[in-house]
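# Observations on the model geometry
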Amino acid sequence: MKLPTKEELKPLGYAALILLVLAFAGAFMTPTGFWTMLALGFAFFSYLILPGYCVMLNFNYSALERMILGMVVSAAVIPSLMYGVNAFGFRLSRANVIIVIIIVVAAAILYRKAGPEQHPQKA
Amino acid sequence: MKLSQEALVVLLVVFLAVGGLVVRFFPFSQGDLDKDMPPIITSFDLFADTSYTKYMHDTEDAHYNPPYRVMGVKSLTVQPVHFFLFITTFTKLTNLSPYQTTILLTHVASVLLALAAFVLIRRAFGWKIGLLALALVAFPQAKWLFQIYIGFLYDQYAFLFVPAIAFFLLSFFQKELGTRQTVLAGIIIGFFAVTQWLSHYVELFLYAPLFGALWLFFLWKQGWNKQFFVIAAVVVLVFTPYFLYFYPITKQGHLAGGFVEKFQELVHLGKPSPYPGYWPDPRFSPFLNIFGALGLVYLCGKAFKRQWNTYQLLALALVFYALAIGLSNYVGMDANRAGRQLFNSLSLLVIFPAVGLYLAYSVVTSHRLVKPFSAVLFLVLIGGLVFVSAPKTYAELEAIDRGAFVDDEKWASIAWIRDKTPQESRVFYLNGFFHEFAMLGERPFSEGIVLPNPESMQYNFERLCSGNWTPVYAGHWGNGEFAYAAGEPAYLKERVGWDTFTYVKPFDDPESRAAFKYNMTISYVPLRFFDYAVVEYKGTQLDPCAAFFLNQSIERGHTIAWNNNRMAILKINKTARP
């Protein structure tokens with residue numbers, strides 16, 4: 001297991017910040033309510049960005065590649081696992097989606113090999 | 001300096017991605033995501049997809065058909081479910097309606113597809129060509145939007161995983177991965193394959209041979225290195241349980257006849273395509289065609305001199321493979337499926353004009369007077385591409401929105417049926433938009449999948465327009481899942497073994513069984529069979545006929561339960577005279 005370093009967490013922080021700003025801007029500039037926009041931002045972050053990015057921390061890729069491919073990984077892994085979970089009789093509830101996301105994030109970090117600092121490749 | 005370049009790339013990617021999303025999505029919803037209605041309905045598949053997602057979301061179960069798609073019968077779904085599941089589970093984390101998230105996430109998938117192609121091209125050809133390619137594909141014009149006209153929303157989502165698989169394979173072939181990372185890459189590629197298979201099998205059908213051949217090629221080139229078996233073994237390990245679980249189900253319907261028959265249907269060499277011109281070929285402007293030709297000549301020249309590295313070689317292998325599949329419809333491949341591949345590959349095909357534009361940019365900025373301004377010129381080039389294409393894309397989207405099937409007045413009648421009538425109510429839609437109303441109104445008894453069901457609508461209106469009251473109404477009763485069932489006139493009810501199911505005959509209700517012939521043949525049903533009838537009485541050429549129907553119905557004892565300026569809903573009196 002290897003916990004993410006401060007440097008590795010930075011892109012997640014930036015992404016959260018950008019989503020928060022977009023949620024504010026969206027609520028201000030469109031008829032959509034603020035809480036709807038905030039919930040949408042939360043869903044983008046927790047469903048599409050967080051799990052995939054944590055999985056991609058295992059690869060020596062650049063932050064940009066981790067972020068973009070991480071979203072693709074999330075879009076494949078979370079629904080596939082939910083289909084498997086659902087086949088065993090569990091509902092597609094909000095709580096179960098969050099549990100699966102937490103499991104993926106935890107597994108990605110636990111699987112990560114402890115060792116010398118990896119420097120992501122630059123562009 | 002390198003750091004600022006990276007920051008510039010991130011900023012531009014965010015700008016392009018968010019901008020692309022806004023341009024693609026907001027004309028439909030007018031930015032109001034709080035609305036509990038579909039932002040746009042233009043095609044059968046659009047509302048069919050939405051209805052699947054909505055039902056999964058409401059029941060929190062991915063295994064059953066919406067009852068309003070299968071005439072009220074509870075049956076296992078034989079559709080590839082993954083795309084609907086993706087939207088359903090995402091929606092659970094928001095307080096949005098699945099009507100909104102279906103279109104929103106389809107557009108997110110199209111932006112992600114552009115970004116996945118971007119990281120692949122950037123790795124192979126550098127960040128400038130990557131960004132040019134992204135700018136060319138992030139703001140596509142009319143042709144890219146064709147999916148919105150005809151549906152097939154899940155295709156972009158399924159194809160998204162093709163460049164992503166290529167990216168992981170590239171790292172693997174370049175030996176950039178340790179053993180642990182190879183195992184993880186195998187798991188990820190396995191999930192990608194599962195996702196393609198469970199959202200639309202065609203992408204897996206068509207691209208598995210390429211990835212299999214590449215794997216074998218590198219296996220041979222690396223002297224049958226043991227590490228190369230790890231990735232394939234892990235992919236198979238992840239994919240197999242999902243395959244074993246889902247294949248027996250989908251084989252009963254969507255993959256009727258199994259793999260062999262589907263493959264024969266897909267590749268029928270020597271026979272004309274059943275859907276010629278169904279998917280338009282993606283075309284660039286004459287301006288971009290010139291640069292595309294330039295890029296192609298340059299890349300061929302590099303190949304001739306054997307200057308391609310592994311990344312470039314494999315990225316281009318994917319592009320040429322996609323081109324070959326797309327163009328194969330001219331030699332007998334199923335135009336529908338092959339055309340989709342070419343269409344979805346647009347995000348990869350832009351590599352040729354991107355290389356050509358980069359060459360022109362390099363020539364211009366090589367001059368010593370221009371060189372100091374090269375960074376500014378690059379931004380102008382990217383910005384120019386965006387600002388030239390974005391307004392056209394936006395205008396095209398608005399045109400699609402104006403042609404949408406469901407508007408506020410129609411939706412009000414759909415919402416009334418959905419929210420104010422009992423779940424099992426039988427609803428008849430006189431004007432022929434049976435499918436749309438049945439699925440969005442979430443009430444069974446819709447017409448069949450044959451759209452737009454002109455024969456039955458013609459029968460009904462010919463009588464009404466001639467001023468003759470008719471006590472019976474025609475319809476092609478029977479629906480999609482049932483129509484797919486291979487030689488078995490039944491729905492899948494329950495799974496009792498790995499490959500065995502119990503079946504349920506459609507129309508369990510004895511009264512409906514007596515009333516309807518199913519399997520998409522016309523049958524004539526008394527009006528009194530239904531609980532409600534929905535009528536569009538204003539705004540079409542059939543206004544006088546609809547008015548005749550309403551007046552005669554009221555005279556016979558039926559009542560108007562709800563109406564607005566365009567739509568009326570009739571409450572059917574079961575004891576009324578015929």
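Note that the coordinates shown come from a computational prediction; the quantities given were computed from them, not determined experimentally.

The helix and strand tally for chain A stands at 4 helices and 0 strands. Reading the helices (α) and strands (β) of chain A from amino to carboxyl end gives α-α-α-α. On the principal axes, the C-alpha backbone points of chain A span a range of 50 × 40 × 20 Å. The contacts of chain A with a sequence gap of at least 6 include a subset with a gap of at least 24, amounting to 58%.

Looking now at the interface of chain B and chain A. Between chain B and chain A, the residue contacts involve 48 residues of the former and 44 residues of the latter. When residues of the side of chain B that touches chain A are traced back to their parent elements, those giving at least two are helix H1 (2–29), helix H3 (82–91), helix H4 (98–125), helix H8 (161–173) and helix H9 (179–199) of chain B. Ranked by residues supplied to the side of chain B that touches chain A, first place goes to H9(B) with 9 residues. For the side of chain B that touches chain A, the per-class residue count stands at 30 nonpolar, 9 polar and 9 charged.

Turning to the sheet that holds strand E8 (residues 567–571) of chain B, a few remarks are in order. Residues and elements named next belong to chain B. Taken in spatial order, the 4 strands make up an open sheet running E1-E6-E8-E7, and their pairing is mixed. Edge positions in the open sheet fall to strand E1 (427–429) and strand E7 (559–563), since each of these has one partner strand only. Sheet twist, expressed as the average angle between the axes of neighbouring strands with direction ignored, equals 25 degrees. Bridge analysis of E1 against strand E6 (residues 532–536) gives 3 bridges, and the strand direction is parallel. Among the inter-strand pairings, Tyr429 is bridged to a residue of E6, identified as Val534. Lying over the sheet, helix H24 (residues 543–555) contacts E6, E7 and E8, oriented at roughly 150 degrees with respect to E6.

Moving on, we come to the confidence of the model for chain A. Per-chain confidence: chain A averages 89 in pLDDT, with 92% of residues scoring 70 or above. Ranking the elements of chain A by mean pLDDT puts helix H1 (residues 6–29) of chain A last, at 87, and helix H4 (residues 94–111) of chain A first, at 96.

A few words on the pairing of E7(B). Residues and elements named next belong to chain B. Inspection of the sheet shows E7 paired to E8 by 4 bridges, in the antiparallel sense. Within E8, the position partnered with Thr559 by the bridge is Lys571. Where E7 folds back on E8, the antiparallel hairpin that results is connected by 3 residues.

Right, let's get into the nonpolar core. Formed by 205 residues in total, the largest nonpolar core has its most connected members in Val72(A), Leu112(B), Ala116(B), Ala133(B), Leu160(B) and Val534(B). Top contributing element to this core by residue count: H4(B), with 18 residues. The two domains that each donate at least three residues to this core are domain 1 (153–401) and domain 2 (408–571) of chain B. When residues no more than four places from it in sequence are discounted, the contact partners of Val72(A) are Gly52(A), Leu112(B), Ala116(B), Leu160(B), Phe161(B) and Ala164(B).

It is worth spelling out H4(A) at this point. Between its first and last C-alpha, H4(A) extends 26 Å over 18 residues, near the 26 Å set by a 1.5 Å rise per residue. The secondary structure elements touched by the buried residues of H4(A) are helix H2 (34–56) and helix H3 (63–87) of chain A together with H3 of chain B.

Moving on, we get to the packing of H3(A) against H4(A). Residues and elements named next belong to chain A. Look at H3 against H4: their axes get within 10 Å of each other, and the N-to-C directions meet at 120 degrees. With respect to H4, the element H3 is oriented oblique. Along this stretch, H3 crosses H4, giving a crossing that reads as right-handed. Contacts between H3 and H4 involve Val77, Ile78, Leu81, Met82 and Val85 from the former and Asn96, Val97, Val100, Ile101 and Val104 from the latter. Of the residues in the contact of H3 with H4, the class split is 9 nonpolar, 1 polar and no charged.

The rules behind each value
Residues numbered from 1 in each chain as written. Chains lettered and ligands numbered in written order. Predicted model: local features only at pLDDT ≥ 70, side-chain atom pairs only at ≥ 80, totals over all residues. Helix = DSSP H or I, 4+ residues; strand = E, 2+ residues; numbered from the N terminus. Contact = placed C-beta atoms within 7 Å. Nonpolar A, V, L, I, M, F, W, Y, C, P; charged D, E, K, R; others polar. Pairing = 2+ DSSP bridges. Axes fitted to C-alpha atoms, helices over the stretch in contact; angles between N-to-C directions. pLDDT = per-residue confidence, 0-100. Core = buried A, V, L, I, M, F, W, Y, C linked by C-beta atoms within 7 Å. Buried ≥ 20, exposed ≤ 12 C-beta atoms within 10 Å, placed from the backbone. Domains from an automatic or database assignment. Expected span 1.5 Å × (residues − 1). Parallel < 35°, antiparallel > 145°, perpendicular 65-115°, else oblique. Left-handed = near helix turned anticlockwise from the far one by under 90°.

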